[in-house]
Amino acid sequence: MQFTEHNNSIKITVPVTLDALSADVVKSAMQQAGYSRCFVIQDQITNLLVEYQQIQQKIKDKVKAEGDTLTYRIAEKKDAELSFDIAEDTMSAAAIITAAWGGAPVSANSLVKAAQEAGIVFGFSKEHIIKLVTHASKAEPGSRVKLIIARGRDVKHGENSRFEAIIPEMQSRRNRPLVQSEEKADLRDFGVIPAVQAGDAMIRRHPPTAGVDGMTVTGSLIAAVPGQVIEWQLAEGVELSAQDPELLLAARDGLPRVVEHGATVDEVFTVKNVDLATGHIIFKGSVVINGDVTEGMKVIAGGNVFVKGFVEGTLIDAGGDIKIGGSIIGHQIPSAEKDSSYSTELKARGDIQCNLAQYARLSSEGNVYINKQIMHCAVAAAKVYAGPEDNPNGKVIGGYFYLDYGIYTGNLGAPSSSKILIELNRLVDPIAEKQDVLRVSITAAKKDMQDIREQLEKLKKIEGNAQIEKRRLELTAEFEEHKSVALALIEDVKQLEQQRQEKLAATIIVARQQLFSAVEVHFGKDQIRSRREYGPSKILLVDGSPAIEPFF
């Protein structure tokens with residue numbers, strides 16, 4: 001057999017003999033001749049074999065003498081093919097190479113040139129381009145290889161003014177007791193209560209940033225929105241520096257507290273104990289109690305509340321944080337129900353921190369930090385940490401929790417199977433309520449549409465006249481209006497559902513040491529309950545469904 005190549009066509013010349021000829025023999029010969037990666041024209045090989053056998057038969061029948069040769073175009077070389085797929089948002093572009101049939105592969109330079117001709121001019125990845133052309137040159141002939149070769153630059157919008165607390169203690173110190181030595185810590189000592197004197201610097205306002213423009217792979221600029229100047233919110237006890245308008249100073253002695261876009265200096269009321277001798281404490285600033293809050297007493301403060309000892313009182317209500325050096329001790333034993341009554345209640349617009357809590361209701365717009373153990377409490381908060389935040393090793397036993405994001409603890413539950421009910425729904429319940437209201441409106445709109453549809457059906461049965469036609473047009477317009485409203489409401493429900501799912505996806509329960517039975521967790525309407533003891537575990541949504549998984 002002989003092979004000749006002309007204009008990328010491969011021809012075979014075969015002398016007809018009494019030897020058998022098959023497609024495998026032809027392809028083996030092609031491989032030996034270096035044409036194995038060429039595109040085989042199967043029909044031509046079939047025609048070659050048929051004619052070969054016909055002539056061979058004539059030779060066998062001695063009708064024809066040996067010596068005839070057959071020439072057929074049985075293969076061709078095809079260069080690699082290149083195409084591009086630009087994403088709908090033009091923020092990425094992929095190159096697709098169909099591997100060559102014995103022809104020329106796509107080079108990196110030719111790929112970039114073709115991409116530019118296709119409108120891709122920005123964000124090329126040299127590494128990806130080389131990887132793609134290398135892979136395509138070794139791929140099976142005719143196979144398709146695809147890889148993103150260019151990415152746009154995401155726009156980075158400017159940030160608004162940023163407010164930085166200069167005094168670290170103004171931020172929540174959380175439950176991090178002072179370490180007295182490498183092995184010893186006073187769990188009741190959270191350090192010196194922060195205080196400022198008139199003229200002390202408190203907050204620095206950093207200027208807004210301009211942002212960074214984005215760029216699509218096709219070269220279109222995405223303009224960044226510059227950040228805005230956020231004005232100071234000057235609360236009581238503070239003033240701007242005369243020399244630096246970006247610096248907030250204390251205007252009086254007191255306890256500093258961060259507020260939105262600024263700070264305030266609370267006047268301080270200090271008392272040894274809150275008991276029958278002092279009566280209830282109601283104060284617009286911060287309250288420092290060097291001892292205890294005894295049973296039946298109330299403390300209501302506009303700022304932070306610091307209690308050095310324990311709390312048995314009826315109520316502590318703070319406009320900032322509540323920090324208890326000792327324990328919160330209630331005297332009733334509630335079941336794990338959200339409507340249980342408690343003898344002791346704490347409410348804070350900031351965080352709540354203490355050493356131990358039992359049989360109390362804790363409501364926080366921030367987080368709840370328990371150094372050691374929380375038992376049979378009702379808690380509303382963003383997160384609950386039992387133990388230090390960087391190593392939650394405390395215990396959560398019994399109670400009801402209504403949270404934004406989750407619980408981080410050492411042990412969750414108890415060997416006695418004390419029931420714990422955790423609802424991770426504080427952020428999603430308002431969304432679900434909005435959805436319910438919208439669904440009622442959608443139902444009403446659909447009912448109106450059905451009523452109009454029935455009226456239109458009735459009008460069809462009446463002989464037409466100008467007045468009926470006018471009424472029909474009015475009803476049709478009214479129907480379309482209700483339909484438009486219903487579709488808009490349905491879209492609002494879908495957007496709210498996306499928000500709800502995103503918030504649920506951010507929730508998690510972590511038990512770093514042990515998870516016991518009788519722990520029930522609600523993710524929206526979905527729920528899961530532990531029915532045995534587990535080692536280190538986490539409870540979260542996996543593919544949209546609640547699951548208990550090992551925690552590593």
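Look up a bit, the structure's there.
Figured I'd write up the structure that's included with this text. Keep in mind it's a predicted model, so treat the numbers as computed, not measured.

Before going further, it helps to examine the environment of Asn355. Note on placement: Asn355 falls in strand E27 (residues 352-358). Distance from Asn355 to Ile374, taken between C-alpha atoms, is 8.8 Å for residues 19 residues apart in sequence. A polar atom in the side chain of Asn355 sits 3.3 Å from the side chain of Asn371.

Inspection of the sheet shows strand E32 (residues 508-515) paired to strand E35 (residues 537-542) by three bridges, in the antiparallel sense. Across the sheet, the residue bridging to Val510 is Lys538, located in E35. Where E35 lies against strand E36 (residues 545-550), six bridges are found, and the strand directions are antiparallel. In the strand pairing of E36, Leu541 is matched with Pro546. Linkage of E35 to E36, two consecutive antiparallel strands, is achieved through a turn of two residues, within which Asp543 is found at a positive phi near 55 degrees.

Closest axis-to-axis distance for the helix H1 (residues 23-32)/helix H2 (residues 42-60) pair is 10 Å, and the angle between their directions is 120 degrees. With respect to H2, the axis of H1 lies oblique. Our pair here, H1 against H2, has a crossing hand that is right-handed. Residue-level inspection shows Ala23, Val26 and Lys27 of H1 in contact with H2, the latter providing Gln42, Ile45, Leu48 and Leu49. Its residues placed into classes, the contact of H1 with H2 shows five nonpolar, one polar and one charged.

Attention shifts here to helix H6 (residues 466-505). Residues lying three or four places apart along an α-helix face the same way, a consequence of the helix completing one turn every 3.6 residues. Its 40 residues give H6 an end-to-end C-alpha distance of 59 Å, which sits within 8% of 58 Å, the value for a rise of 1.5 Å per residue. Taken together, the buried positions of H6 are Ile468, Leu475, Phe479, Ala486, Leu489, Val493, Leu496, Arg500 and Leu504. Those residues of H6 hidden inside the fold are in contact with helix H5 (428-460), strand E33 (519-523) and E35.

Here we take up the packing of aromatic side chains. Scanning the model with the defined rule gives six aromatic pairs in all. Between Phe39 and Trp101, the ring centres sit 5.1 Å apart and the planes meet at 80 degrees, which makes this aromatic pair edge-to-face. Taken together, the residues span a long stretch of sequence, with Phe39 in strand E3 (residues 39-40) and Trp101 in the loop between strand E6 (92-98) and helix H3 (108-117) at a distance of 62 residues. Given the relative accessible area of 28%, Phe39 is considered partly exposed. When its relative accessible area of 25% is taken as the criterion, Trp101 is described as partly exposed. Relative to Trp232, the ring of Phe163 lies with its centre 5.2 Å away and its plane at 75 degrees, an arrangement referred to as edge-to-face. One end of the pair, Phe163, is in strand E9 (residues 162-165); the other, Trp232, is in the loop between strand E13 (221-222) and strand E14 (238-240), with 69 residues separating them in the sequence. Linked through ring pairs, Tyr369, Tyr385 and Tyr408 together constitute an aromatic cluster.

Time to look at the nonpolar core. In terms of nonpolar packing, the biggest core is built from 52 residues, with Ile316, Leu362, Val379, Phe401 and Ile422 touching the most fellow members. Broken down by element, the residue count for this core peaks at eight residues, all from strand E29 (residues 368-386). In this structure Ile316 touches Val293, Val299, Val305, Val307, Val311, Ile322, Ile324, Glu345, Leu346 and Lys347, once residues within four positions along its chain are discounted. The next biggest cluster of nonpolar side chains, apart from the first, holds 21 residues, and it includes Ile12, Val26, Ile55 and Ile74.

Within a beta sheet, neighbouring strands are joined by backbone hydrogen bonds and run either parallel or antiparallel to one another. What the four strands build is an open sheet, ordered E1-E2-E4-E3; its pairing is antiparallel. The sheet is open, and its two edges are formed by strand E1 (2-6) and E3, each paired on a single side. Here five bridges tie E1 to strand E2 (residues 9-15), and the two strands are oriented antiparallel to one another. By the bridge assignment for E2, Gln2 is matched with Thr13. Taken strand by strand, H2 contacts E2, E3 and strand E4 (69-76), and its axis lies near 165 degrees from that of E4.

Mapped onto the elements, Ser537 comes out in strand E35. For Ser537, a relative accessible area of 4% gives the class buried. Among the polar contacts made by the side chain of Ser537, one reaches the main-chain carbonyl oxygen of Gly535 at a distance of 2.6 Å. The residues contacting Ser537, other than those within four sequence positions of it, are Ile509, Val510, Ala511, Leu515, Ile548, Glu549, Pro550 and Phe551.

Take the sheet that holds strand E5 (residues 81-86) next. Read across the sheet, three strands follow the order E5-E6-E7 without closing on themselves; strand pairing throughout is antiparallel. Of all the strands in the sheet, the pair left with one neighbour each is E5 and strand E7 (144-151). Here the average twist between neighbouring strands, direction ignored, is 25 degrees. Summarising the sheet, E5 and E6 pair through six bridges and their orientation is antiparallel. Paired with Ser83 across the strands is Ile96, a residue of E6. Its contacts with the sheet place H3 against E5, E6 and E7, and it is angled at close to 50 degrees to E5. Of the strands in this sheet, E6 and E7 touch helix H4 (residues 126-138), which is tilted by about 170 degrees from E7.

Located in the positive-phi region is His261, a residue other than glycine, with phi close to 60 degrees. Following the sequence through the fold, His261 ends up in the loop between strand E16 (255-259) and strand E17 (262-266). The phi angle at Tyr359 is positive, at roughly 50 degrees, despite the residue not being glycine. Classification of Tyr359 by relative accessible area gives buried; the value is 17%.

Basis of the calculations
- Residues numbered from 1 in each chain as written.
- Predicted model: local features only at pLDDT ≥ 70, side-chain atom pairs only at ≥ 80, totals over all residues.
- Heavy atoms only, no water.
- Helix = DSSP H or I, 4+ residues; strand = E, 2+ residues; numbered from the N terminus.
- Polar contact = N/O pair within 3.5 Å; in protein donor to acceptor, adjacent residues only side chain to side chain.
- Pairing = 2+ DSSP bridges.
- Axes fitted to C-alpha atoms, helices over the stretch in contact; angles between N-to-C directions.
- Parallel < 35°, antiparallel > 145°, perpendicular 65-115°, else oblique.
- Left-handed = near helix turned anticlockwise from the far one by under 90°.
- Contact = heavy atoms within 4.5 Å.
- Nonpolar A, V, L, I, M, F, W, Y, C, P; charged D, E, K, R; others polar.
- Expected span 1.5 Å × (residues − 1).
- Buried < 20%, exposed > 50% of the residue type's maximum accessible area, 1.4 Å probe, protein only.
- Phe/Tyr/Trp six-rings, centres within 6.5 Å; stacked < 30°, edge-to-face > 60°.
- Core = buried A, V, L, I, M, F, W, Y, C linked by side-chain atoms within 4.5 Å.

Geometric values such as these leave the question of function open.
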